[in-house]
Amino acid sequence: FDLLLFGSVKPPLVWQSFHDNLRYLIARRAVDLALSRIESGSKAVVIHSDLGNGKTGTVEGLKVKATERGFDVYSLSVRGESLLEELEWICQSNRRTVIIVETYPDWFDVINYIGVNAPKTLSLVLTARTSTHDVTFDRLPEKLATEKIIEISVDRLMADECEGIVDLFDEYGDLASKSRRAKLEHLNIKCHAQWHAILINRFQSPQIQERFAPIVESLHKKKPNYEIMIAILLLTVLDYLPSLDVLI
């Protein structure tokens, strides 16, 4: 529930979902596709989608699969003082390496550094909102000094991925009253086989509303907090994650 409702990913559970048959993360075909392109020599793969359609989940699965295949895997997270030193150390390695860069338009300066200094054994996996990617993608070949950039959209769920979602909901008691065929039709027709529509649809279920009702009720009683929350939601939709200074 923390994953589906709040986007809180627990890496040990991601690993278990690929190895111990734990129903936690849905394996996306984009993971194997991205890895096959990297292994065939692509210097960069861009995974993009609309809001809430599974970029982060896809990347988490990619980390596990890439590690299994012998890659060293790193993620850019914060602009610490030692960032360039760490990148320099990574770029000096001859081992097969993948660097994950989420919301890549915020990291063009770092991407340029990697493009100039990266060995042939290093590849980038970049993510972005599709709307942002469409207007910034043209800058990537120059920054990376390569035209070998693969674009992968994860907006639409494949048939086997929808099957996995039905299994997930069966495990945790959601959509339990419907037949399997009806569940699949619900995901494909009502939710258009898109994660964000499935999540919004599930938020309307009584058990999910019960979880959120106390939070919404408390926010309504404190108007300043409510206004701040609305501002945070709007900024998130615009793909601008606000810092504490901005919120203050």
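*Asks:* Please explain a nonpolar patch on the surface as it appears in this structure.
*Replies:* A contiguous nonpolar patch, built from Y226, M229, I230, L233 and L234 and spanning about 430 Å² of accessible area, is present on the exposed surface. Among the structural elements, Y226 can be located in helix α13 (residues 223-237).

*Asks:* Would you explain the environment of D32 in this entry?
*Replies:* Inspection of the secondary structure assignment puts D32 in helix α3 (residues 29-39). D32 sits in the partly exposed class, given a relative accessible area of 36%. Spatially, the C-alpha atoms of D32 and L62 are 7.8 Å apart, while their sequence positions differ by 30 residues. Once you skip the residues sitting within four places of it in the chain, D32 turns out to touch K65 and R69. Of note is the side chain of D32, whose polar atom sits 3.5 Å from the side chain of R69.

*Asks:* Could you clarify how one ought to interpret unusual backbone geometry in this entry?
*Replies:* One non-glycine residue with positive phi stands out, namely T103, at about 50°. Residue placement: T103 occurs in the loop between β3 (97-101) and α6 (108-117). We note that A193 has phi near 55°; this positive angle belongs to a residue other than glycine. With respect to the element layout, A193 can be found in the loop between α10 (180-190) and α11 (195-203). Among the residues examined, A193 registers a relative accessible area of 1% and is labelled buried.

*Asks:* Explanation requested: the packing of helix α2 (residues 11-19) against helix α4 (residues 55-68) in the structure shown.
*Replies:* Geometrically, a packed helix pair is captured by the angle between its two axes and the distance between the axes. Here α2 crosses α4 at 65°, and the two axes come no closer than 10 Å. Considering the relative orientation of α2 and α4, their crossing is right-handed. Every residue of α4 that contacts α2 at V14, W15, F18 and H19 is listed here: E60, G61, V64, K65 and E68. Along the lines of polarity and charge, the residues of the contact of α2 with α4 split into four nonpolar, two polar and three charged.

*Asks:* Whenever I open this one, the sheet that holds strand β1 (residues 44-49) confuses me. Can you help?
*Replies:* If you trace the five strands from one edge of the open sheet to the other, you get β2-β3-β4-β1-β5, paired in parallel fashion. Each edge of the sheet is formed by a strand with only one pairing partner; in this case those strands are β2 (72-75) and β5 (149-153). Ignoring strand direction, the axes of neighbouring strands in this sheet form an average angle of 20°. In terms of strand pairing, β3 meets strand β4 (residues 122-129) through five bridges, oriented parallel. In the strand pairing of β4, V98 is matched with S123. Packed onto the sheet, helix α5 (residues 83-91) meets β2, β3 and β4 and runs at close to 150° relative to β3.

*Asks:* I tried to follow the side chain of S49 on my own but got confused; where do I start?
*Replies:* With respect to the helices and strands, S49 occurs in strand β1. Excluding anything up to four places from it in sequence, S49 contacts G54, K55, A128, R129, T130, V154 and D155.

*Asks:* Got a minute to help me understand the packing of aromatic side chains in this structure?
*Replies:* Any aromatic ring pair is given by two values, namely how distant the centres are and how the planes are angled relative to each other. The full count for this structure, using the stated rule, is one aromatic pair. Seen from the ring of F71, R96 lies directly overhead, with NZ or CZ sitting 4.1 Å from the centre. Over the ring of F108 we find R139, and its NZ or CZ is 4.1 Å from the ring centre.

*Asks:* Hey, could you run me through the packing of helix α9 (residues 159-171) against α10 in this one?
*Replies:* The interhelical angle for the contact between α9 and α10, taken along N-to-C directions, is 120°, at an axis separation of 10 Å. Like other packed secondary-structure pairs, α9 and α10 cross with a definite hand, here right-handed. Residues C162, E163, I165, V166, D167, F169 and D170 of α9 form the contact with α10, whose own contacting residues are R180, K183, L184, L187 and N188. Its residues placed into classes, the contact of α9 with α10 shows six nonpolar, one polar and five charged.

*Asks:* Honestly, α5 in this entry has me stumped. Any pointers?
*Replies:* Because each turn of an α-helix spans 3.6 residues, side chains separated by three or four positions in sequence point in the same direction. When α5 is considered as a whole, its buried residues turn out to be L83, L87, I90 and C91. The buried residues of α5 occupy an angular sector of 95° when the element is viewed end-on, so they sit on one face. Projecting away from the buried face of α5 at angles above 90 degrees are the exposed residues E85 and W89.

*Asks:* Before we go on, may I ask you to explain the nonpolar core in this structure?
*Replies:* As a rule of thumb, soluble globular proteins bury nonpolar side chains together. Judged by nonpolar contacts, the single largest core of 24 residues is most densely connected at I99, Y104, I111, L124 and L140. Beyond its immediate sequence surroundings of up to four residues, I111 is in contact with Y104, L124, L126, L140, K143 and L144. Among the nonpolar cores identified, the runner-up in size contains 16 residues, and V45, I47, V59 and I100 belong to it.

Definitions and cut-offs
Residues numbered from 1 in each chain as written. Predicted model: local features only at pLDDT ≥ 70, side-chain atom pairs only at ≥ 80, totals over all residues. Heavy atoms only, no water. Patch = residues over 30% accessible without salt bridge, like charges linked within 9 Å, V, L, I, M, F, W, Y side chains within 5 Å. Areas by Shrake-Rupley, 256 points an atom, 1.4 Å probe, with all protein chains shown as cover. Salt bridge = Lys/Arg side-chain N within 4 Å of Asp/Glu carboxyl O. Helix = DSSP H or I, 4+ residues; strand = E, 2+ residues; numbered from the N terminus. Buried < 20%, exposed > 50% of the residue type's maximum accessible area, 1.4 Å probe, protein only. Contact = heavy atoms within 4.5 Å. Polar contact = N/O pair within 3.5 Å; in protein donor to acceptor, adjacent residues only side chain to side chain. Axes fitted to C-alpha atoms, helices over the stretch in contact; angles between N-to-C directions. Left-handed = near helix turned anticlockwise from the far one by under 90°. Nonpolar A, V, L, I, M, F, W, Y, C, P; charged D, E, K, R; others polar. Pairing = 2+ DSSP bridges. Phe/Tyr/Trp six-rings, centres within 6.5 Å; stacked < 30°, edge-to-face > 60°. Lys NZ or Arg CZ within 6 Å of the ring centre and 35° of its normal. Arc of directions from axis to C-beta. Core = buried A, V, L, I, M, F, W, Y, C linked by side-chain atoms within 4.5 Å.

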